[in-house]
Amino acid sequence: MRGTRLLTASLLGLTLIVAGCAATQDTPAAAQGPCDIAADGASETRSDARQDESDPETATGYRSGMTAVQTRTYAVATANPLATRAACEVLRDGGTAADALVTAQAVLGLVEPQSSGLGGGGFLLYYDAATDSVQAFDGREVAPAAATENYLRWVSDTDRTEPLPDARASGRSIGVPGIVRMLADVHAEHGRTPWRELFSPAVRLADDGFDVSPRLAAAIADAAPRLAADEDAAAYFLNPDGSAKTAQTRLTNPAYAKTLGAIATDPAAFYTGDIARDIVAAVADPSGGRTPGLMTLEDLAGYTAKPRQAVCTPYRGKEICGMPPPSSGGIAVAATLGMLERFPMAQYAPTDVDRDGGRPTVLGVHLISEAERLAYADRDRYVADTDFVPLPGGSPDLLLGSDYLAGRAALISTEKAMGTAEPGAFGPPAAPVAPVPEHGTSHVSVVDAQGNAASLTTTVESAFGSFHMVDGFLLNNQLTDFSAEPAGPDGVPVANRVEPGKRPRSTMAPTLIFTPAGPGTRRELYGVVGSPGGATIIQFVVKTVVGMLDWDLDPQQAVSMVDFGADNSPETNVGGEHPVIDTSDDGGNDPLVRGLRELGHKVDLADQSSGLSAIVRAPGGWIGGADPRREGAVTGDVGGPAS
Ligand code: GLU
């Protein structure tokens with residue numbers, strides 16, 4: 001579905017209670033005390049509905065004029081105010097970032113089920129202040145042991161037809177969910193609040209009910225025909241006449257409350273026993289003509305979240321840490337920044353900087369897009385689950401080597417767009433990963449009062465995942481992040497092909513930024529960033545990091561700034577939902593669009609659906625911003641004097 005969506009109403013519905021009056025763009029109502037959410041920036045501008053069918057989740061407009069939130073010792077940003085507040089209260093009561101993540105995820109799975117939940121997976125970067133260590137947690141879904149390389153494209157080796165109704169909505173797309181196991185591992189290592197207590201806010205909301213937000217309502221309306229094919233999903237998201245439930249409808253989810261209760265008692269309950277049996281039955285459910293998936297109880301019982309080695313590289317005097325494979329996010333962000341470091345990016349800062357981040361310059365967008373093309377070319381060819389397909393040289397070092405990136409940067413002209421980039425020549429050859437559409441996801445950023453931090457990107461892949469609902473939650477369609485084609489035209493195997501027990505390549509790029517140790521000073525956490533957005537995540541994260549580190553934007557301005565960038569194609573994205581972009585006459589009246597076209601870029605003005613958040617250190621504490629394109633909010637110990 002296309003068109004402007006109203007996200008103002010529900011946000012104000014919540015924030016009015018808090019702040020007592022509606023904010024205008026000029027006079028935002030400040031939050032009053034810990035965990036309040038400022039009624040700020042809720043004025044929505046038009047969206048011209050220039051969304052491509054293959055874009056990530058439905059674009060839902062743009063809240064113009066949001067201001068950054070200042071906190072003193074702790075802060076959290078999620079994609080929904082109810083989740084932000086619940087997670088903040090955990091921090092307020094002395095919980096760690098790990099504790100806050102668990103509560104945030106439990107609430108998000110209820111109020112933003114189209115984006116993430118118990119039936120999905122995620123990637124987390126965690127900073128433990130006491131030991132000054134960065135850990136990467138891989139809670140990615142896994143292909144069942146019975147999956148063959150043709151699992152997504154053929155019903156069987158003898159029935160070579162596509163799974164029904166298509167790979168995504170069939171049982172074949174469902175990977176063994178990883179988020180519960182990962183959060184349990186993180187909590188076991190870094191939690192302070194008893195695990196059980198962390199589920200209470202979500203259980204209460206599921207039992208008492210919550211109001212469907214405008215964004216959720218829009219997503220249900222988009223997906224209604226697909227949701228109708230699943231009995232549980234239809235009963236929950238649709239009215240008895242089959243119409244989509246609308247914004248402000250009060251939803252209760254007793255099945256979800258029951259599932260959370262079981263997990264709260266023991267996280268293993270998700271992977272064994274009744275819940276596991278229900279999941280296996282749902283994956284295999286042929287009703288509505290759906291092709292069953294082949295997940296077993298053994299697949300679930302055998303799931304492990306994996307510790308990974310974070311990818312940390314320098315940029316502008318900071319250290320940027322990102323997620324390694326099976327996500328391509330960290331490597332591609334690091335490669336892009338490594339190339340951009342060779343250019344004086346500060347000279348290409350936006351002009352007319354206002355609360356929405358100003359007007360990006362032609363050369364700024366050009367250079368970043370070109371570096372991204374080169375980074376995506378390598379990512380597309382070489383990055384997959386490294387437990388199956390090693391990177392060139394066996395580690396990220398070759399793709400991120402200083403000399404290599406200098407050579408890549410030298411391919412960038414300031415006068416002409418390159419169109420499509422070639423990957424670096426590393427043997428042995430692998431076929432490029434066939435592009436697959438990716439959609440739907442959520443990002444959580446947290447810093448706690450003990451100095452720990454978490455950057456979690458969590459997903460069911462497409463909006464509502466595979467549309468299979470069980471025990472109050474949706475099952476992912478993450479396996480469609482694999483290449484359905486196992487080999488290229490020349491027969492060379494695709495690195496990201498399906499294999500049993502393998503994790504599909506991701507783009508998720510949860511990021512932590514540090515100020516490195518200097519003479520006599522310790523390394524210090526500087527900030528937390530991340531976003532949903534499928535394959536575009538890399539572009540969203542890069543523009544935010546450059547916005548903050550090169551262009552001195554505060555986190556809200558950097559997040560609000562026009563979303564721009566490119567994957568490895570001649571098209572350059574310039575988010576048409578942003579109020580500074582003139583989309584009339586296909587951008588013919590917009591100076592940025594015209595300038596880019598003069599350099600040879602094909603400009604795509606489709607609305608961008610980032611869900612960024614960023615929290616960075618500021619005098620007196622922390623300052624954070626949430627994406628004006630979704631319903632997210634930042635809060636923490638706001639109000640009162642900064643210490
Ligand atoms: N499944 C995607 C990935 O892992 C994320 C989808 C999204 O962000 O919308 O990269």
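Residues numbered from 1 in each chain as written. Predicted model: local features only at pLDDT ≥ 70, side-chain atom pairs only at ≥ 80, totals over all residues. Heavy atoms only, no water.

S.K.: Give me the lowdown on the overall build of the chain, citing residues and values where you can.
M.R.: Counting its regular elements, the chain contains 16 helices and 23 strands. By residue count, 64% of the 643 residues in the chain fall in the buried class. Considering only contacts in the chain between residues 6 or more positions apart, those separated by 24 or more positions represent 73%. Just so you have it, the chain exposes about 21,000 Å², and 54% of that area is on carbon and sulfur atoms. (Helix = DSSP H or I, 4+ residues; strand = E, 2+ residues; numbered from the N terminus. Buried < 20%, exposed > 50% of the residue type's maximum accessible area, 1.4 Å probe, protein only. Contact = heavy atoms within 4.5 Å. Areas by Shrake-Rupley, 256 points an atom, 1.4 Å probe, with all protein chains shown as cover.)

S.K.: For unusual backbone geometry, give the residues involved together with the corresponding values.
M.R.: Across the chain, the bulk of peptide bonds are trans and the bulk of non-glycine residues have phi less than zero. Note the cis peptide between Leu-164 and Pro-165, where omega equals -5 degrees. The peptide bond linking Pro-325 to Pro-326 adopts the cis configuration, its omega dihedral lying at 15 degrees. Its location among the elements puts Pro-326 in the loop between β11 (318-322) and α11 (329-340). A positive phi angle is found at Asp-352, which is not glycine, with a value near 50 degrees.

S.K.: If you had to explain helix α13 (residues 402-409) to someone new, which residues and values would you point to?
M.R.: Every buried residue belonging to α13 is among Tyr-404, Leu-405, Arg-408 and Ala-409, and all of these are buried. The buried residues of α13 occupy an angular sector of 135 degrees when the element is viewed end-on, so they sit on one face. Those residues of α13 hidden inside the fold are in contact with α11 and α12 (362-382). (Arc of directions from axis to C-beta.)

S.K.: Explain the pattern of salt bridges to me, using residue names and the numbers behind them.
M.R.: The full count for this structure, using the stated rule, is 28 salt bridges. Ionic pairing is found between Asp-387 and Arg-308, a salt bridge with its closest N-O pair at 3.2 Å. Remark: Arg-308 occurs in strand β9 (residues 306-308) and Asp-387 occurs in the loop between α12 and α13; sequence separation between them is 79 residues. The residue Arg-359 makes a salt bridge to Asp-590 at a minimum N-O spacing of 3.8 Å. Here Arg-359 is found in the loop between α11 and α12, whereas its partner Asp-590 is found in the loop between β19 (571-574) and α16 (591-598), with 231 residues between them in sequence. For Arg-359, a relative accessible area of 23% translates into the label partly exposed. Put simply, Asp-138, Lys-306, Arg-308, Asp-387 and Arg-503 are held in one network by salt bridges that share partners. (Salt bridge = Lys/Arg side-chain N within 4 Å of Asp/Glu carboxyl O.)

S.K.: Please set out the state of the cysteines residue by residue, giving values where relevant.
M.R.: Applying the stated criterion across every chain yields a total of 2 disulfides. With a sulfur-sulfur separation of 2.1 Å, Cys-312 is cross-linked through a disulfide to Cys-321. In this structure, the disulfide formed by Cys-312 and Cys-321 twists by about 115 degrees around the S-S bond and is classed as right-handed. Looking at Cys-312, the relative accessible area reads 31%, which means it is partly exposed. (Disulfide = S-S within 2.5 Å.)

S.K.: Run through the packing of aromatic side chains, naming residues and quoting values.
M.R.: Inspection of every chain in the model, using the stated rule, returns 9 aromatic pairs. On the numbers, 5.1 Å between centres and 55 degrees between planes, the contact of Tyr-404 with Phe-426 is tilted. Of this pair, Tyr-404 sits in helix α13 while Phe-426 sits in the loop between α13 and β12 (442-447), placing them 22 residues apart in sequence. Among the residues examined, Tyr-404 registers a relative accessible area of 18% and is labelled buried. For Phe-426, a relative accessible area of 16% gives the class buried. An aromatic cluster of at least three residues, connected via ring pairs, comprises Phe-270, Tyr-271, Tyr-303 and Phe-473. (Phe/Tyr/Trp six-rings, centres within 6.5 Å; stacked < 30°, edge-to-face > 60°.)

S.K.: Pulling in residues and values, what's your account of the pairing of strand β22 (residues 621-626)?
M.R.: Of all the 6 residues making up β22, 6 are buried; the element is thus mostly covered by neighbouring parts of the structure. Judged from the 6 bridges that link them, strand β21 (residues 613-618) and β22 form a sheet pairing that is antiparallel. Note that in β22 the partner of Arg-617 across the bridge is Trp-622. The turn joining β21 and β22, which pair antiparallel and follow one another in sequence, is formed by 2 residues; a positive phi near 85 degrees is taken by Gly-620. (Pairing = 2+ DSSP bridges.)

S.K.: Please give an account of the packing of α11 against α13 that cites residues and values.
M.R.: Axis separation between α11 and α13 bottoms out at 8 Å; the angle between their running directions is 70 degrees. On the basis of the axis angle, α11 is roughly perpendicular to α13. Classified by chirality, the crossing of α13 by α11 is right-handed. Between α11 and α13, the residues in contact are Ala-334, Ala-335, Gly-338 and Met-339 and Leu-405, Arg-408 and Ala-409, respectively. Along the lines of polarity and charge, the residues of the contact of α11 with α13 split into 5 nonpolar, 1 polar and 1 charged. (Axes fitted to C-alpha atoms, helices over the stretch in contact; angles between N-to-C directions. Parallel < 35°, antiparallel > 145°, perpendicular 65-115°, else oblique. Left-handed = near helix turned anticlockwise from the far one by under 90°. Nonpolar A, V, L, I, M, F, W, Y, C, P; charged D, E, K, R; others polar.)

S.K.: Describe the sheet that holds β19, with residues and values.
M.R.: The strand order β18-β19-β20 describes an open sheet built from 3 strands, whose pairing is mixed. Each edge of the open sheet is held by one strand with a lone partner, namely β18 (564-565) and β20 (602-604). In this sheet, β20 lies alongside β19 in parallel orientation, the contact comprising 3 bridges. Each bridged residue has a counterpart across the sheet, and for Asn-573 the counterpart in β20 is Asp-604.

S.K.: I'd love a proper account of the confidence of the model for the chain, names of residues and values included.
M.R.: For residues with low pLDDT, the predicted coordinates do not support detailed interpretation. Chain-level pLDDT for the chain is 91 on average; 89% of the residues reach the 70-or-more range. Taken together, the stretch residues 1-28 has pLDDT below 50 and engages in 68 contacts with residues farther than four places along the chain or on a different chain. Contacts from residues 41-56, a stretch scored under 50 in pLDDT, to residues over four places away or in other chains number 67 contacts. (pLDDT = per-residue confidence, 0-100.)

S.K.: How would you summarise the sheet that holds strand β23 (residues 633-636) if you had to cite specific residues and measurements?
M.R.: Taken in spatial order, the 7 strands line up as β9-β6-β5-β13-β12-β4-β23 in an open sheet, and their pairing is antiparallel. Of all strands in the sheet, those bounded by a partner on one side alone are β9 and β23. Within this sheet the neighbouring strands show an average axis-to-axis angle of 15 degrees, counted without direction. Sheet topology note: the strand β4 (residues 75-78)/β12 ladder contains 3 bridges and is antiparallel. Bridge assignment links Ala-75 to a residue of β12, and that residue is Val-447. Along the sheet, helix α3 (residues 97-111) contacts β4, β5 (121-128), β12 and β13 (453-459); its crossing angle with β12, the most-contacted strand, is approximately 150 degrees. Against the sheet, helix α4 (residues 179-190) engages β5, β6 (133-139) and β13, with an angle of about 155 degrees to β6.

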